[in-house]
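Understanding the architecture of this molecule
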Amino acid sequence: MTKNIVLITGIILLVANLLFGSVLSAYSTFNMLLNCGVIIANSLLLYLLTCITLKDGFRISLSSLFSFLGFVEFILGLVAPQRYEDNGCLLAVILIVAFEAIVLVITNMVSKNT
């Protein structure tokens, strides 16, 4: 059931982001696509979190952490300059997503060993 909630929520947020991007002139295509990537990446990480076997403490804390960091990534995506080169916000988003993935892998390994 939780897997379905993560997927449905991710799809709803993705569609809403696409609609906002098509309706709001201040929301550039670059920022919209960046935030689509953020939504997809965080939905995938949360989905993987529900798929792997973890202790409840890990699952609850990582769900909260990933949701908070996803919100931070989304805000960075909103204020990011509209270019790929020398884009600190884009770099920060990539680093945060990589951090989330590494934490998920490490937590999975630690949870299996204990």
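Look a little higher up for the structure.
I will try to describe carefully the structure that is included in this document. (Residues numbered from 1 in each chain as written. Predicted model: local features only at pLDDT ≥ 70, side-chain atom pairs only at ≥ 80, totals over all residues. Heavy atoms only, no water.)

1. Here we look at unusual backbone geometry
Heads up, the rule is: Secondary structure follows DSSP: runs of H or I at least 4 residues long count as helices, runs of E at least 2 residues long count as strands, and numbering of each begins at the N terminus.
Here the phi dihedral of Asp-86 falls at roughly 50°; this positive angle occurs in a residue that is not glycine. Mapped onto the elements, Asp-86 comes out in the loop between α3 (56-79) and α4 (88-113).

2. Some points on the packing of aromatic side chains
Defined as follows: The aromatic pairing rule takes the rings of Phe, Tyr and Trp, using the six-membered ring of Trp, and pairs them if the centres are within 6.5 Å, calling planes under 30 degrees apart stacked, those over 60 edge-to-face and the rest tilted.
Applying the stated criterion to the full structure yields 1 aromatic pair. A ring pair is formed by Phe-30 and Tyr-84, whose centres lie 5.1 Å apart and whose planes are at 80°; its orientation type is edge-to-face. Remark: Tyr-84 occurs in the loop between α3 and α4 and Phe-30 occurs in helix α2 (residues 29-51); sequence separation between them is 54 residues.

3. Details of the packing of α2 against α3
Worth spelling out the cut-off: To get an axis, a line is fitted to the C-alpha atoms, and for a helix only the part in contact is used. The angle between two axes follows their N-to-C directions and goes from 0 to 180 degrees. If an angle is under 35 degrees, it is roughly parallel; if it is over 145, roughly antiparallel; if it lies from 65 to 115, roughly perpendicular; otherwise it is oblique. The contact rule is simple, with two residues in contact once any of their heavy atoms fall within 4.5 Å.
Running from amino to carboxyl end, α2 crosses α3 at an angle of 175°, the nearest separation of the two axes being 9 Å. Taken as axis vectors, α2 and α3 run roughly antiparallel relative to one another. Within the contact between the two elements, α2 uses Asn-31, Leu-34, Asn-35, Val-38, Ile-39, Asn-42, Leu-45, Leu-46, Leu-49 and Thr-50 and α3 uses Arg-59, Leu-62, Ser-63, Phe-66, Ser-67, Gly-70, Glu-73, Phe-74, Gly-77, Leu-78 and Val-79.

4. Some thoughts on the nonpolar core
We apply this condition: In this text, buried Ala, Val, Leu, Ile, Met, Phe, Trp, Tyr and Cys residues form a nonpolar core when linked through side-chain atoms within 4.5 Å. Under the scheme applied here, a residue whose accessible area is under 20% of the maximum for its type counts as buried, over 50% as exposed, and between as partly exposed, the area being computed with a 1.4 Å probe on protein chains only.
Phe-30, Leu-34, Val-38, Leu-69, Leu-76, Ala-80, Cys-89, Leu-90, Val-93 and Ile-96 form the largest nonpolar core, which has 10 residues in total. Looking at this core, the elements that each hand over two or more residues are α2, α3 and α4. No other element matches the 4 residues that α4 contributes to this core. Those residues within four positions of Leu-34 in sequence are excluded, and the remaining contacts are Gly-77, Ala-80, Leu-90 and Val-93.

5. Side note on the environment of Leu-18
Examined against the element boundaries, Leu-18 turns out to sit in helix α1 (residues 2-23). Along the backbone, Leu-18 and Ile-8 are 10 residues apart, and their C-alpha atoms lie at a distance of 15 Å. With residues near it in sequence (within four places) discarded, Leu-18 still touches Met-32 and Cys-36.

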